[in-house]
Amino acid sequence: MGLSDLRREMILAAIAEYDTMGRDAFLDTYGYRPARGYFLVHEGRRYDSKAIAGVAHRGVTGQPLLSKEFSGGRDTVARQLIRLGFEVAAPGLVISQHTIEGLLLKVDSLRTDKSKLTGQPRRHQPLTLLQALGRAVRDEPRLETWPRTSAAISSLINRFGHADDQPNPGFPVLRLFHDGLWELDQSDVPQASTSTAQRWMRDHSPTGGLRPWVHTIVTQHADVRAQIVLRLLEKYFQGADHDALLTAVGLSSATDAEVPLSDGSPTPQRRQLTTTRIIRDSALAQQIKDLHGHHCQICGTRLRLPNSSYAEGAHIRPVGKPHNGPDEPGNILCLCPNDHVLFDRGGLTLTDDLLVFDEVTGHIRGRLRQAPRHTINITHVAYHREAARQG
């Protein structure tokens, strides 16, 4: 049985019953075991999330769900509770009573409307989050005035939103506020769906930004920040220019300026040449490398430098003509320099089940190392393999 028909008032009724009966009696009465991972957090108290959802379902059918009738966890109960505006605590590193897993759950569960033109989720909230991540990476203040925030988000919506997306920055900020990701220095904040929301934002002009715990996670954990960026790009920005977007929000430091030396002169002169080129080691490639901890996906090597580590972003289907591969997560690998050269020159290929094949010896070297949320596009794998074998 599904949970999609649950409403917020049903959850609140189950919480009230839980409080009246006490945890042990509530779980025993309805036949639920104590939660081990995900907990609903309401007014500072933790509740067994699956039991609450199951009992709340009485408001839909007239009878509570039995534990065996549905599954709990991240993709069912936790996601639905978050969509209803509740806080869910998940296993993982705890920061100010919040977890990294809880943050990723919130990112996965953004409540977005759909574009009537394309049928795809609107991009207002993802763009607002990416803009805030860029500010965090640049070590800018966590909180910003509303006029500056509004102008920045409006510009991003105009440039990267769907054709029918209106540049209304108040709505994504209010939704992120009520989802527990955004802070505003005002009380009595209205819901984003109300007709007075935009006027309230203009009249109160609240200073705002990422919640402190969110800001702490995305500034101190590059791998988590990389996962958030990848999830947003994969879900909301298919077909968009990822490099241009990441550059616009400040998550790319790449430049198109090159300074070549003139040839054959004992006193070479310098001139600046501005080129239009594909940025191969893009901000997105850096996110992929961070996600893998700079470990090569083929051999596992991590090259250690005095103050950092080194790996390279390798496109499976090459970018640029004649291959025209996309600069997307599913087309990028994290490789050491040696395996990058072998892969680019056709010495190594991948099977469709992601085994690493040595084209010289004819032997399998092992399985490609993978990371959560980094899904390899098998279409690009097949293209690379065929191109390599045709020389």
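You'll find the structure just up there.
Here's a quick rundown of the structure. Since the structure is predicted, the reported quantities are computational estimates derived from the model, not experimental observations.

In this section: the overall build of the protein chain. Per the secondary structure count, the protein chain includes 16 helices and 16 strands. Burial status across the protein chain gives 49% buried among its 391 residues. Taking the intrachain contacts of the protein chain between residues at least 6 apart in sequence as the baseline, contacts between residues at least 24 apart amount to 64%.

All right, on to the packing of aromatic side chains then. Going through the model one piece at a time under the given rule, you end up with 4 aromatic pairs. Centre to centre, the rings of tyrosine 18 and phenylalanine 26 are 5.0 Å apart; their planes meet at 55°, and the pair counts as tilted. Residue tyrosine 18 shares its accessibility class with phenylalanine 26, and that shared class is buried. Here the guanidinium or amino end of lysine 50 rests over the ring plane of phenylalanine 70, the centre of that ring lying 5.1 Å away. The ring of tyrosine 383 has arginine 317 sitting right over it, with the charged end atom 3.7 Å from the ring centre.

Counting buried positions along helix H6 (residues 100-108) yields 9 of 9 residues, so the element is predominantly enclosed. Within H6, burial applies to Ile100, Glu101, Gly102, Leu103, Leu104, Leu105, Lys106, Val107 and Asp108.

What follows deals with the pattern of salt bridges. Within this structure, the stated rule accounts for 18 salt bridges. Arginine 175 is the partner of aspartate 113 in a salt bridge, and the nearest nitrogen-oxygen pair spans 3.5 Å. Here aspartate 113 is found in the loop between H6 and helix H7 (124-137), whereas its partner arginine 175 is found in helix H9 (residues 170-178), with 62 residues between them in sequence. Taken together, the shared-partner salt bridges connect Arg135, Arg138, Glu140, Glu144 and Arg148 into one network.

With that settled, consider the side chain of histidine 215. Structurally, histidine 215 can be placed in helix H11 (residues 212-220). Owing to a relative accessible area of 18%, histidine 215 belongs among the buried residues under this scheme.

Moving on, we come to unusual backbone geometry. The phi torsion at serine 205 lies on the positive side, around 40°, for a residue other than glycine. Along the chain, serine 205 falls in the loop between helix H10 (197-204) and strand E7 (208-210). A relative accessible area of 31% places serine 205 in the partly exposed class. The phi dihedral of histidine 294 falls on the positive side, at around 65°, and the residue is not glycine.

Turning our attention to the environment of leucine 117. Assignment of secondary structure puts leucine 117 in the loop between H6 and H7. Owing to a relative accessible area of 56%, leucine 117 belongs among the exposed residues under this scheme. Residues leucine 117 and aspartate 165 lie 48 residues apart in sequence; the distance between their C-alpha atoms is 9.1 Å.

Okay, the environment of arginine 175 next. For the pair arginine 175 and leucine 110, spaced 65 residues apart in sequence, the C-alpha to C-alpha distance is 8.6 Å. Contacts of arginine 175, omitting those with residues within four sequence positions, involve Arg111, Thr112, Asp113, Gln125 and Ala192.

It is worth spelling out the nonpolar core at this point. With 54 residues, the main nonpolar core has Leu103, Leu130, Trp182, Val218, Ile228, Leu232 and Leu245 as its most contacted residues. Ranked by residues supplied to this core, first place goes to helix H12 (residues 222-236) with 8 residues. Not counting residues within four places of it along the chain, the set of residues in contact with leucine 232 comprises Val107, Leu110, Pro126, Leu129, Leu130 and Phe237. If you look at the next biggest cluster of nonpolar residues, it comprises 29 residues, including Leu40, Ala56, Val77 and Leu105.

With that out of the way, let us pick up helix H2 (residues 23-30). Three or more residues of H2 are buried, namely Phe26, Leu27 and Tyr30. Buried residues in H2, looked at end-on, bunch into an arc of 95°, giving them a common side. Of the exposed residues in H2, those oriented more than 90 degrees away from the buried face are Asp24 and Asp28. Those residues of H2 that are buried are in contact with helix H1 (8-21), strand E2 (45-48), helix H3 (49-56) and helix H4 (58-61).

The subject of this paragraph is the packing of H7 against H9. In contact at an axis separation of 9 Å, H7 and H9 are set at 75° when each is read in the N-to-C sense. In terms of orientation, H7 and H9 fall into the roughly perpendicular class. In this structure, H7 uses His124, Gln125, Thr128 and Leu129 to contact H9, whose residues at the interface are Pro172, Val173, Arg175 and Leu176. Of the residues belonging to the contact of H7 with H9, the class tally is 4 nonpolar, 3 polar and 1 charged.

Bridge analysis of strand E1 (residues 39-42) against E2 gives 4 bridges, and the strand direction is antiparallel. When the bridges of E2 are listed, valine 41 appears paired with arginine 46. Relative to strand E3 (residues 87-89), E1 is paired through 3 bridges, and the arrangement is antiparallel. Looking across to E3, one finds that phenylalanine 39 is bridged to alanine 89.

Thresholds applied
Residues numbered from 1 in each chain as written. Predicted model: local features only at pLDDT ≥ 70, side-chain atom pairs only at ≥ 80, totals over all residues. Heavy atoms only, no water. Helix = DSSP H or I, 4+ residues; strand = E, 2+ residues; numbered from the N terminus. Buried < 20%, exposed > 50% of the residue type's maximum accessible area, 1.4 Å probe, protein only. Contact = heavy atoms within 4.5 Å. Phe/Tyr/Trp six-rings, centres within 6.5 Å; stacked < 30°, edge-to-face > 60°. Lys NZ or Arg CZ within 6 Å of the ring centre and 35° of its normal. Salt bridge = Lys/Arg side-chain N within 4 Å of Asp/Glu carboxyl O. Core = buried A, V, L, I, M, F, W, Y, C linked by side-chain atoms within 4.5 Å. Arc of directions from axis to C-beta. Axes fitted to C-alpha atoms, helices over the stretch in contact; angles between N-to-C directions. Parallel < 35°, antiparallel > 145°, perpendicular 65-115°, else oblique. Nonpolar A, V, L, I, M, F, W, Y, C, P; charged D, E, K, R; others polar. Pairing = 2+ DSSP bridges.

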